[in-house]
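Inside the fold
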Amino acid sequence: MDQQHVQVEVLDVAAVDQMSGKVQAAAASPEMDDRVRRWSEDNPLAAKQATRRPDGYSFAVVGETLMYLHRAPDGMVIPHACYPDGTEKVYTDHLHAEAAYG
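Residues numbered from 1 in each chain as written. Predicted model: local features only at pLDDT ≥ 70, side-chain atom pairs only at ≥ 80, totals over all residues. Heavy atoms only, no water.

1. What to know about the sheet that holds strand β1 (residues 6-10)
Ordered by their spatial adjacency, five strands build an open sheet running β1-β5-β4-β3-β2, and the pairing between neighbours is mixed. Each end of this open sheet is capped by a strand with a single partner; those strands are β1 and β2 (57-62). Pairwise comparison of adjacent strand axes, ignoring direction, gives a mean angle of 25° for this sheet. Inspection of the sheet shows strand β4 (residues 77-82) paired to strand β5 (residues 88-92) by three bridges, in the antiparallel sense. Looking at the pairing, cysteine 82 lines up with glutamate 88 of β5. The strands that helix α1 (residues 13-27) touches are β2, β3 (65-71), β4 and β5; relative to β2, the one it contacts most, it runs at about 85°. Sitting on the sheet, helix α2 (residues 32-42) is in contact with β2, β3 and β4, with an inclination near 75° to β2. (Pairing = 2+ DSSP bridges. Helix = DSSP H or I, 4+ residues; strand = E, 2+ residues; numbered from the N terminus. Axes fitted to C-alpha atoms, helices over the stretch in contact; angles between N-to-C directions. Contact = heavy atoms within 4.5 Å.)

Below, the structure is given as structure tokens:
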């Protein structure tokens, strides 16, 4: 992942879990596949950045933001937010932030 375009937001574990649940619920809505496709067409460079993670899943568009999840090596679900300008924000707890980003 291109670290220069990634911001890390450190939250407590409960907040990360709650956000992950909201992304999963949004991704499960019937119209979401179409909304994700349209967002990707409208934001091709950002979509390319967002879909570089082969382990990403539960893609959802929330407002103007593409959100998705992936699992850390220990199984914790980590939410990501991708913005039309190509920046990405990772929401994680302190332990995972230290392990992944030092």
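Past the structure itself, the notes keep going.
2. Observations regarding the pattern of salt bridges
All chains considered together, the criterion is met by four salt bridges. Between aspartate 34 and arginine 37 there is a salt bridge, with its nearest N and O atoms 2.3 Å apart. Here arginine 37 and aspartate 34 lie together in helix α2, a separation of three residues that amounts to about one turn. Residue classification places arginine 37 among the partly exposed positions, given a relative accessible area of 40%. Here glutamate 41 ties to arginine 37 by a salt bridge, and the two come within 3.0 Å at their closest N and O atoms. With glutamate 41 and arginine 37 both in helix α2 and four residues apart, this pair spans about one turn of that helix. Exposure remark for glutamate 41: the relative accessible area of 52% places this residue in the exposed category. A network of salt bridges, in which partner residues are shared, links Asp34, Arg37, Arg38 and Glu41. (Salt bridge = Lys/Arg side-chain N within 4 Å of Asp/Glu carboxyl O. Buried < 20%, exposed > 50% of the residue type's maximum accessible area, 1.4 Å probe, protein only.)

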